[in-house]
Amino acid sequence: MAERKYDKGESFRDRVSTVDKQGKRSWVYAHKPQGRFYNIRSILTILYVLVLFIVPFIKIDGHPLFLFNIPERRFILFGFIFWPQDVLFFGLGMITTFVFIIVFTVAFGRLFCGWVCPQTIFMDLIFRRIEFWIEGDAPKQKALDKAPWDREKILKKGAKYIIFFAISFLVGNALLAYIIGIDELIKVITEPFSQHVVGFSLMLIFSGIFFFLFSWFREQACTVVCPYGRLQGVMMDRDSFMVAYDYKRGEPRGVMRKNETRTIGDCIDCNLCVNVCPTGIDIRHGTQMECTNCTACIDACDNVMDKIQKPRGLIRYASENSIAEGKPFTVTPRNKVYGVVLILLCIVLGALLYTRTDIDTTIMRAKGMLYQEVGADSVSNLYTLKLLNKTFNDIPMTLKPDDSSAEIRYIGGHPEINVKKEGYAEVTFFVVYHKDKIKKRKTDIKLSLYHGEEKIKTLKTTFLGPIG
Ligand code: SF4
Ligand code: SF4
């Protein structure tokens, strides 16, 4: 295993980068990043924000595209409604998602954190950007924090926190729209407070949480709280794809003098990669738990390399092994296998979604009853059928035995079962057979549900007869 000869001990790993030796918070004054990755992430941010705020307004047949109504246990994904009864789907879906996350992280490291995670995107590319705009770059922010509360400081801090709260309010409302739906949210906003005390309280709580998160807690969410970040140590290995410093090329580092012919490593120890880091770490120490793979250090170092006319990529996406062996990052056979596993998992999830039925049924023979004699030559069994309609439309159905010699007799005589949209129905009925048709004590039978002429489900159950 290659060694990092430049490491001067691992004491930086003794504590989180944003906490000092006394255990106090060290505020990170990150410099404004500039470069190609920052530009691409900025464009993606616009896309994400549009998606976040537009999706709640998208409806399919009058129903939201996504809804995660936890209090009412009502979930809509891509226009399909899911119920707690979809436990198999949820179970398999969650297992598939967990496996996906693990496999993805082993192969591609924290790509998600830097490019998709809403916390990183909002913090680095929206809230910090507003801070740069109002207070200036890191040194000016630091100076402003130290300055007395004069007119300029009150105006700047006031403007910043008003804008921060306004955005937190919008984000909080967007989140609420995914929980209660946009129509209900509009009612909360437009109707009297007394009619929506819970909704209005949630709106304020969410806004407050986001305001606290982005104005004060900031990178602590990634470095101290996020469980995904904490699990990196066990999920990533030396072949994982990550933001890494090429110590083979960079070391021994040293300041560059004017007109110097460089005989040492390419790192000129300018510290710009450290200055831009929003979690306050030095990537040159190697992979660290705090790194969110935000790419700010790549951009900073690439800009330095351009200036000193060295190739870009002293800090780049690479694996520990590719840097140790001095080779460009290649997709390893293991990563290819994981890629295939990821595709298969997506197919499994897609298939689960596709094969999910609109009607859930449970059929039970009446407990404690055997069979009943019907006249001189027939026997019957009593059944209860429970139906759950998981769609947004009423579904009238009829139940017919697959065996034409059997007959269904409803208690109360209702030949059509109408299951209301998003509703339950329960019917009790007899299945009647001529005794000649029953050859065993327990016979497997099939009953089918029809919507019009279309068979939508076949139910299997057993029929008890008199023959032992
Ligand atoms: S930005 Fe590049 S050159 Fe400057 S200290 Fe960091 S790694 Fe070294
Ligand atoms: S080390 Fe680089 S990629 Fe990691 S958080 Fe800091 S700036 Fe972002």
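All figures in this text were calculated on a predicted structure; none of them were measured in a lab. (Residues numbered from 1 in each chain as written. Chains lettered and ligands numbered in written order. Predicted model: local features only at pLDDT ≥ 70, side-chain atom pairs only at ≥ 80, totals over all residues. Heavy atoms only, no water.)

### Points about the layout of surface pockets
Alright, step 1. Taken as a whole, the largest pocket holds about 990 Å³ of empty space.
Alright, step 2. What lines the largest pocket is a set of 22 residues, among which L52, F112, V116, P118 and Y178 lie closest to the centre.
Alright, step 3. Classifying every residue of the lining of the largest pocket gives 21 nonpolar, 1 polar and no charged. (1 Å grid on protein atoms, 1.4 Å probe; cavity = no way out; pocket = protein on both sides within 12 Å on 5 of 7 lines; lining within 4 Å. Points joined across faces, edges and corners; volume = space filled by probe spheres on them. Nonpolar A, V, L, I, M, F, W, Y, C, P; charged D, E, K, R; others polar.)

### With respect to the pattern of salt bridges
Alright, step 1. Going through the model one piece at a time under the given rule, you end up with 26 salt bridges.
Alright, step 2. When the shortest N-O distance is used, the salt bridge between D302 and R36 registers 3.0 Å. One end of the pair, D302, is in helix α14 (residues 296-307); the other, R36, is in helix α1 (residues 36-54), with 266 residues separating them in the sequence.
Alright, step 3. D124 is the partner of R41 in a salt bridge, and the nearest nitrogen-oxygen pair spans 3.7 Å. Linking R41 in helix α1 with D124 in helix α4 (residues 118-135), this pair joins segments that are 83 residues apart in sequence. D124 carries the same exposure label as R41, and that label is buried. (Salt bridge = Lys/Arg side-chain N within 4 Å of Asp/Glu carboxyl O. Helix = DSSP H or I, 4+ residues; strand = E, 2+ residues; numbered from the N terminus. Buried < 20%, exposed > 50% of the residue type's maximum accessible area, 1.4 Å probe, protein only.)

### Section: the packing of helix α7 (residues 182-190) against helix α8 (residues 197-217)
Alright, step 1. α8 packs onto α7 with a crossing angle of 95° between their chain directions and a minimal axis gap of 9 Å. The angle between α7 and α8 places the two elements in the roughly perpendicular class. In this structure, α7 uses L185, V188 and I189 to contact α8, whose residues at the interface are G199, F200 and M203.
Alright, step 2. Classifying every residue of the contact of α7 with α8 gives 5 nonpolar, 1 polar and no charged. (Axes fitted to C-alpha atoms, helices over the stretch in contact; angles between N-to-C directions. Parallel < 35°, antiparallel > 145°, perpendicular 65-115°, else oblique. Contact = heavy atoms within 4.5 Å.)

### Points about the sheet that holds strand β15 (residues 442-451)
Alright, step 1. Strand order in the open sheet made by the 4 strands is β13-β11-β15-β16, with antiparallel pairing throughout. The sheet terminates laterally at β13 (416-419) and β16 (454-464), the two strands that pair on one side only. The average angle at which neighbouring strand axes cross in this sheet is 30°, direction not considered.
Alright, step 2. In terms of strand pairing, β15 meets β16 through 10 bridges, oriented antiparallel. Looking across to β16, one finds that Y450 is bridged to K455. (Pairing = 2+ DSSP bridges.)

### Structural notes on the environment of L185
Alright, step 1. Mapped onto the elements, L185 comes out in helix α7.
Alright, step 2. Among the residues examined, L185 registers a relative accessible area of 5% and is labelled buried.
Alright, step 3. Residues L185 and F214, spaced 29 residues apart in sequence, show a C-alpha to C-alpha distance of 23 Å.
Alright, step 4. Excluding residues within four positions of it along the chain, L185 makes contact with N173, L176, A177, I180 and M203.

### Comments concerning the nonpolar core
Alright, step 1. Counting residues in each nonpolar core, the largest one holds 29 residues, and the members touching the most others are V243, Y245, I283, I315 and Y317.
Alright, step 2. In terms of residue count, α14 provides more of this core than any other element does, 5 residues in total.
Alright, step 3. Beyond its immediate stretch of four places on either side in the chain, I283 contacts V243, Y245, Q288, C291, C297 and I315.
Alright, step 4. Formed by 25 residues, the second largest nonpolar core is a distinct cluster that contains L387, V419, V431 and L459. (Core = buried A, V, L, I, M, F, W, Y, C linked by side-chain atoms within 4.5 Å.)

### With respect to the packing of α4 against helix α6 (residues 151-180)
Alright, step 1. The interhelical angle for the contact between α4 and α6, taken along N-to-C directions, is 155°, at an axis separation of 9 Å. Considering their axes alone, α4 and α6 lie roughly antiparallel with respect to each other. Both α4 and α6 take part in a crossing whose hand is right-handed. Residue-level contacts link F122, I126, F127, I130, E131, W133, I134 and E135 of α4 to K156, K157, A159, K160, I163, F164, I167, S168 and V171 of α6.
Alright, step 2. Here the residues of the contact of α4 with α6 are counted per class, giving 11 nonpolar, 1 polar and 5 charged. (Left-handed = near helix turned anticlockwise from the far one by under 90°.)

### Regarding the domain arrangement of the chain
Alright, step 1. Each assigned domain of the chain is listed here: domain 1 (1-356) and domain 2 (359-464).
Alright, step 2. Inter-centroid distance (C-alpha atoms) of domain 1 to domain 2 is 54 Å.
Alright, step 3. Domain 1 puts 9 residues into the contact, and the matching count from domain 2 is 8 residues.
Alright, step 4. On the domain 1 side of the contact with domain 2, H63, W83 and Q85 bury the most area, a combined 59% of that side's loss.
Alright, step 5. The interface formed by domain 1 and domain 2 contains 1 salt bridge.
Alright, step 6. Here E422 and R74 are joined by a salt bridge, their closest N and O atoms 2.7 Å apart.
Alright, step 7. If you look at where domain 1 meets domain 2, you find 1 residue pair in polar contact (both at pLDDT 80 or more).
Alright, step 8. Class assignment for the residues of the side of domain 1 that touches domain 2 results in 3 nonpolar, 3 polar and 3 charged. (Domains from an automatic or database assignment. Buried area = accessible area lost by both parts, 1.4 Å probe. Polar contact = N/O pair within 3.5 Å; in protein donor to acceptor, adjacent residues only side chain to side chain.)

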